[in-house]
Amino acid sequence: MITSVLDQLVALSNTLGKPENDFAMLGEGNTSARADADTFYVKASGSELGKITAAGFCHVAFDRVLELLDVDGMNDQAVKDGLQAAKLDPTTPGHPSVETLLHALCLSLPDVNFVGHTHPIAINSLTCAVGFEKAFSGRLFPDEIVLCGPATVIVPYTDPGVALARKTREQIGAYIDARGEMPRIIVIQNHGLIALGRTAEQVENETRMAVKAARIQLGTYAAGGPRFLSEQEIARIHNRPDEHLRREMLGF
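None of the values given here were measured: they were computed from a predicted structure. (Residues numbered from 1 in each chain as written. Predicted model: local features only at pLDDT ≥ 70, side-chain atom pairs only at ≥ 80, totals over all residues. Heavy atoms only, no water.)

What about the environment of Gln 189?
Then step 1. Locating Gln 189 in the fold gives a position in the loop between strand 6 (185-188) and strand 7 (192-197).
Then step 2. Sequence-wise, Gln 189 and Ser 108 are 81 residues apart; in three dimensions their C-alpha atoms are separated by 23 Å.
Then step 3. A polar atom in the side chain of Gln 189 sits 3.1 Å from the backbone nitrogen of Tyr 157. (Helix = DSSP H or I, 4+ residues; strand = E, 2+ residues; numbered from the N terminus. Polar contact = N/O pair within 3.5 Å; in protein donor to acceptor, adjacent residues only side chain to side chain.)

Right, here's the structure in full:
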């Protein structure tokens, strides 16, 4: 039985990186998990999700990473140095991914303990499309609502690193203001997918369902395009007592 947070993170990463899942290849994507109130684990740059072990993660401090978001005028080297300084033990090998900033932001949200950032082909077929925002503007079927929430946080393409973390923070804030709850799924234009979860299992399930929804939507274009559910239909599924129970049974 997998018990430690780091072991759970390794198992999640290996699953997300399996070639047959088509979520990420080679060094694509990154994952993270909250270690405690003050620190988290994040994938080191260059590691492959499908092959990563515990040694492929960096242990970093939240405050040292998050303070970089409020420093103006940093160049790439300054960001790299700041992330290196965020490691609890600077002598350990590996360098935190530039998207460590994004992970720190997401793991700071209430009840988010694991984050999975991947680049699935089905998802990126839509994030790289002219109709990107429209493609993620609705929900297509009940199980997508149950696992991925009533809506998706949509982030326009932004340079990875400080700029992307700031833009994502802005879009998450707008989502919370509009919906009154935490998001589960984030998509970034011309980039990829982020799944947020209390557990590693939740992140995996959300990723699988988001990819299924993308594949279904791509298929709808052969029959006239997607028919999104109305806000009333979405709210009905999202708030049904039996669906709340099902979420609990699925580890949410």
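Read on, since the account is not over.
Things to note about unusual backbone geometry
Then step 1. The phi dihedral of Asp 111 falls on the positive side, at around 65°, and the residue is not glycine.
Then step 2. Its place among the elements puts Asp 111 in the loop between helix 4 (100-107) and strand 4 (114-118).
Then step 3. What makes Asp 111 exposed here is its relative accessible area of 54%.
Then step 4. Of note, the phi angle at Asn 190 is positive, near 55°, even though the residue is not glycine.
Then step 5. With respect to the helices, strands and loops of the structure, Asn 190 is situated in the loop between strand 6 and strand 7.
Then step 6. By relative accessible area, which is 43% here, Asn 190 ends up partly exposed. (Buried < 20%, exposed > 50% of the residue type's maximum accessible area, 1.4 Å probe, protein only.)

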